[in-house]
Amino acid sequence: MANHKEEMILECEVVVVGGGVMGSSAAHYLAEYGRDTVLIDQFPLPHTRGSSGGHTRITRLANYGDPALTAIMKESFDRWLQLERQSGVNLFRPAPLLAVGSVSSGNTGHELDNVMASIHASGSTPEALDVASANRRFRTSFPSNYRAVVDPSAGVLMADKCLKTLQSLFVSNGGRVLDGWPVTSISPGDTVELRGPKGRVRAKAAVICPGPWAGPLLGGLGVQVPVRAEKIGVYYWKLRDPKTPAFTFIDLSSPENHFYALPDYEYPGYMKLCYHAGLRTDPDERDKVDMSTVQRKAEEYVKRFFPCLEPKPSVVESCMYTITPDNNFVLDRHPQHHNLVFGAGFSGTGFKIAPACGEALAKMAMGSQPQLDFSSFSLDRFYRSKL
Ligand SMILES: Cc1cc2nc3c(=O)[nH]c(=O)nc-3n(C[C@H](O)[C@H](O)[C@H](O)COP(=O)(O)OP(=O)(O)OC[C@H]3O[C@@H](n4cnc5c(N)ncnc54)[C@H](O)[C@@H]3O)c2cc1C
């Protein structure tokens with residue numbers, strides 16, 4: 001057993017907790033800005049236990065109706081392409097996005113108008129399709145009360161390569177990685193001290209991006225971020241129509257039908273199609289949750305609308321969402337200790353915006369203002385008086 005004298009103590013300018021895409025992005029920009037930075041993760045990296053594991057994520061330029069995200073989406077899209085050029089690794093593969101919505105009693109289909117307007121605003125030209133044309137082109141079978149729009153700017157981020165690239169650039173800029181190093185407590189102050197079973201890390205500032213573990217870790221600092229962790233079923237379906245094109249997909253017709261899909265860039269010959277919600281779980285005990293209801297829902301959906309796929313998934317994996325009450329993330333400073341900054345609650349949409357969020361967290365940890373406006377994502381929105 002190590003005695004007190006042998007305890008590891010590491011000093012640095014900024015420490016980042018969380019080696020998922022948010023923490024890795026923040027760490028990358030801190031090192032690029034010349035800060036002596038340590039990136040910590042509780043598990044050996046890479047791992048698939050948080051939210052950033054797996055090979056693919058959808059990205060796009062347009063915000064699909066949330067104006068607070070307009071500049072963040074654009075900035076992130078550009079930064080991913082810049083990271084691709086900087087590293088020489090192919091991080092982005094184009095794949096037009098088919099968005100569908102339905103017109104029925106109680107549903108005007110206005111969500112597709114928002115999608116069209118935001119694609120225009122992002123500088124691309126959306127393509128409105130009648131449902132028969134969409135079904136022909138994409139090998140789907142949506143009924144006649146559906147509408148369809150194609151977003152030509154969308155595509156797929158090769159997620160594992162993105163993460164590896166951020167971490168490699170971080171290390172090549174002098175960053176240090178401590179993995180397999182769970183942080184058990186954080187003591188604020190002019191010097192922030194992080195403790196774990198393997199020693200202590202001291203820094204002038206800390207960036208905390210704990211993904212599904214955000215509740216307990218930030219709660220220990222007196223920061224109550226209202227988040228819940230959900231296990232998401234990730235399903236891969238064998239393509240039975242070889243003429244199915246490569247496309248990304250979302251169904252905006254109703255929360256019950258909120259499915260999304262990605263082309264077979266991960267498992268050749270198998271499309272990825274998942275439901276945009278899961279079941280609440282403790283991230284350390286996620287496989288105790290029975291996901292059969294979610295899988296059945298996905299099978300029914302595929303049977304109804306995706307005749308190009310076999311009706312049962314061939315490969316089943318899982319991932320974690322971290323969800324806030326308004327489904328938007330939190331990016332903020334600790335109310336008393338401004339050298340502690342955090343990002344959490346990125347749910348099922350955070351990967352694409354990690355470069356802009358990470359850069360903003362890096363700037364905040366350095367004591368500067370982020371270039372973009374993140375005020376809509378502050379923590380106090382959950383605690384403001386509604387009077
Ligand atoms: C199935 C699925 C599909 C998705 N699809 C898309 C998509 O198409 N497009 C898109 O933009 N986004 C998508 N997302 C969302 C996106 O992947 C997440 O928003 C993003 O990965 C969140 O990253 P994060 O860094 O916040 O969290 P994580 O990746 O979970 O990282 C948090 C890290 O913190 C570490 N940690 C936590 N506590 C401690 C501690 N005490 N000590 C040390 N380390 C600690 C964890 O080990 C973990 O590595 C999807 C997510 C899932 C699950």
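Bear in mind the structure is a predicted one, so any value in this text is a computation, not a measurement.

Draft legend 1. A look at the site of the ligand. Close contacts around the ligand come from 37 residues, with Gly20, Gly50, Gly211, Cys319 and Gly350 the closest. Elements supplying a minimum of two residues to the shell around the ligand: helix H1 (21–32), strand S3 (56–59), strand S13 (228–238) and strand S18 (315–323). Tallied by class, residues from the shell around the ligand come to 21 nonpolar, 13 polar and three charged. Composition of the shell around the ligand by domain shows at least three residues from each of domain 1 (4–54 + 159–226 + 326–382) and domain 2 (96–153 + 228–323).

Draft legend 2. Molecular detail of helix H7 (residues 292–305). In this model, H7 (14 residues) spans 20 Å end to end at C-alpha, consistent with the 20 Å of a helix rising 1.5 Å per residue. What H7 keeps buried is the set Val294, Ala298, Val302 and Phe305. End-on view of H7: buried residues confined to an arc of 90 degrees, all on one side of the axis. Facing away from the buried surface of H7 by more than 90 degrees, the exposed residues are Ser292, Thr293, Arg296 and Glu300. Next to the buried residues of H7 lie S13, strand S16 (270–275) and strand S17 (279–280).

Draft legend 3. Main features of the nonpolar core. Counting residues in each nonpolar core, the largest one holds 120 residues, and the members touching the most others are Val15 and Ala206. Of all the elements, helix H8 (residues 354–365) adds the most residues to this core, at eight residues. Each of domain 1 (4–54 + 159–226 + 326–382) and domain 2 (96–153 + 228–323) contributes no fewer than three residues to this core. Excluding residues within four positions of it along the chain, Val15 makes contact with Val38, Ile40, Val192, Leu194, Val201, Ala203 and Ala206.

Draft legend 4. Summary view of the domain arrangement of the protein chain. By the assigned domains, the protein chain splits into domain 1 (4–54 + 159–226 + 326–382) and domain 2 (96–153 + 228–323). One C-alpha centre belongs to domain 1, the other to domain 2, and the line joining them spans 31 Å. Facing 14 residues of domain 1, the contacting portion of domain 2 comprises nine residues. Split into classes, the residues belonging to the side of domain 1 that touches domain 2 amount to five nonpolar, nine polar and no charged.

Draft legend 5. Fine view of the packing of H1 against H8. The interhelical angle for the contact between H1 and H8, taken along N-to-C directions, is 55 degrees, at an axis separation of 7 Å. If you check the angle between H1 and H8, you find them oblique. Crossing handedness for the pair H1 and H8: right-handed. In contact with Val21, Met22, Ser25, Ala26, His28, Tyr29 and Leu30 of H1, H8 contributes Ala354, Pro355, Cys357, Gly358, Glu359, Leu361, Ala362 and Ala365. Each residue belonging to the contact of H1 with H8 can be placed in one class, and the counts come to 11 nonpolar, three polar and one charged.

Draft legend 6. Spatial organisation of the pairing of strand S14 (residues 248–251). Here S14 shows no split at all, with Thr248 and Ile250 on one side and Phe249 and Asp251 on the other all buried. Pairing analysis gives four bridges linking strand S5 (residues 97–102) to S14, with the strands arranged parallel. Its bridge partner being in S14, Leu98 is matched across the sheet by Phe249. As paired strands, S14 and strand S15 (residues 259–267) are joined by two bridges and run antiparallel to one another. Across the sheet, Phe249 pairs through a bridge with Ala261, a residue of S15.

Definitions and cut-offs
Residues numbered from 1 in each chain as written. Predicted model: local features only at pLDDT ≥ 70, side-chain atom pairs only at ≥ 80, totals over all residues. Near = placed C-beta within 6 Å. Helix = DSSP H or I, 4+ residues; strand = E, 2+ residues; numbered from the N terminus. Nonpolar A, V, L, I, M, F, W, Y, C, P; charged D, E, K, R; others polar. Domains from an automatic or database assignment. Expected span 1.5 Å × (residues − 1). Buried ≥ 20, exposed ≤ 12 C-beta atoms within 10 Å, placed from the backbone. Arc of directions from axis to C-beta. Contact = placed C-beta atoms within 7 Å. Core = buried A, V, L, I, M, F, W, Y, C linked by C-beta atoms within 7 Å. Axes fitted to C-alpha atoms, helices over the stretch in contact; angles between N-to-C directions. Parallel < 35°, antiparallel > 145°, perpendicular 65-115°, else oblique. Left-handed = near helix turned anticlockwise from the far one by under 90°. Pairing = 2+ DSSP bridges.

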